[in-house]
Amino acid sequence: MSSSSSSSSTVADLTTDRLILRAWAPGEVTAVLDGARPSHWAQDFPDEGDLVIAGLFAEHPVWLGEYGHRQIIERDSGLVVGSIGLFWPPVDGALELGYGIVPSRRGRGYAPEATRALSAFALTAPGVRTVHANVELSNPASIRVLEKAGFQRKRTDTEQNTARFVLSTAAPARE
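Residues numbered from 1 in each chain as written. Predicted model: local features only at pLDDT ≥ 70, side-chain atom pairs only at ≥ 80, totals over all residues. Heavy atoms only, no water.

Some remarks on the packing of aromatic side chains
Stage number 1. According to the stated counting rule, one finds six aromatic pairs in the structure shown.
Stage number 2. Measuring from centroid to centroid gives 5.1 Å for W41 and F45, while their planes differ by 80°, and the two rings are edge-to-face. In this pair, the class of W41 matches that of F45, namely buried.
Stage number 3. Linked through ring pairs, W24, W41, F45 and F57 together constitute an aromatic cluster. (Phe/Tyr/Trp six-rings, centres within 6.5 Å; stacked < 30°, edge-to-face > 60°. Buried < 20%, exposed > 50% of the residue type's maximum accessible area, 1.4 Å probe, protein only.)

The following block contains the structure:
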């Protein structure tokens, strides 16, 4: 993973072998909210979760900062194929992570690749010791993403039908 300067904002891109994680530009947020279709988006972007998150940026502008939400861009095509984000600020040294890949690009390993990159970056933030994600037990694909990214299941809530997965500075992500 490497960092490079983003042309759309002052937040540096995170680059992996196949992806670029780029901060959302204000115009991108507006496009999602207005239902616009920029040519650099995969045909099925934004997905439902992207619409929800974009709608919350006005209430939580810090989510668009350095340790916030990013679009997932396929390096080969240059298309936005999903989004991933950290819910800033940390609480007791922990950040929550959320992610989504559009249906047309699922099954290619993009979600674990993006999750590893953003989680590793998050653990460099001052005061952050843990990144966690809550996942519904009825979503085995998302559970597998977190496992592939090196997260460990720490808690299961049978009433809510969810599990919490955690990655901490004491347990680095697997390659």
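Now that the structure has been shown, the text picks up again.
A short note on the pattern of salt bridges
Stage number 1. By the definition in use, this model includes six salt bridges.
Stage number 2. Residue D13 is joined to R22 by a salt bridge in which the shortest nitrogen-to-oxygen separation is 2.9 Å.
Stage number 3. Look at D13 and you get buried, because its relative accessible area is 3%.
Stage number 4. Residue R22 is classed as partly exposed on the basis of its relative accessible area of 23%.
Stage number 5. With a closest N to O distance of 3.1 Å, R105 and E74 form a salt bridge. Remark: E74 occurs in strand β4 (residues 70-74) and R105 occurs in the loop between β6 (94-101) and α3 (110-122); sequence separation between them is 31 residues.
Stage number 6. A single salt-bridge network, built from bridges that share partners, covers E74, R105 and R108. (Salt bridge = Lys/Arg side-chain N within 4 Å of Asp/Glu carboxyl O. Helix = DSSP H or I, 4+ residues; strand = E, 2+ residues; numbered from the N terminus.)

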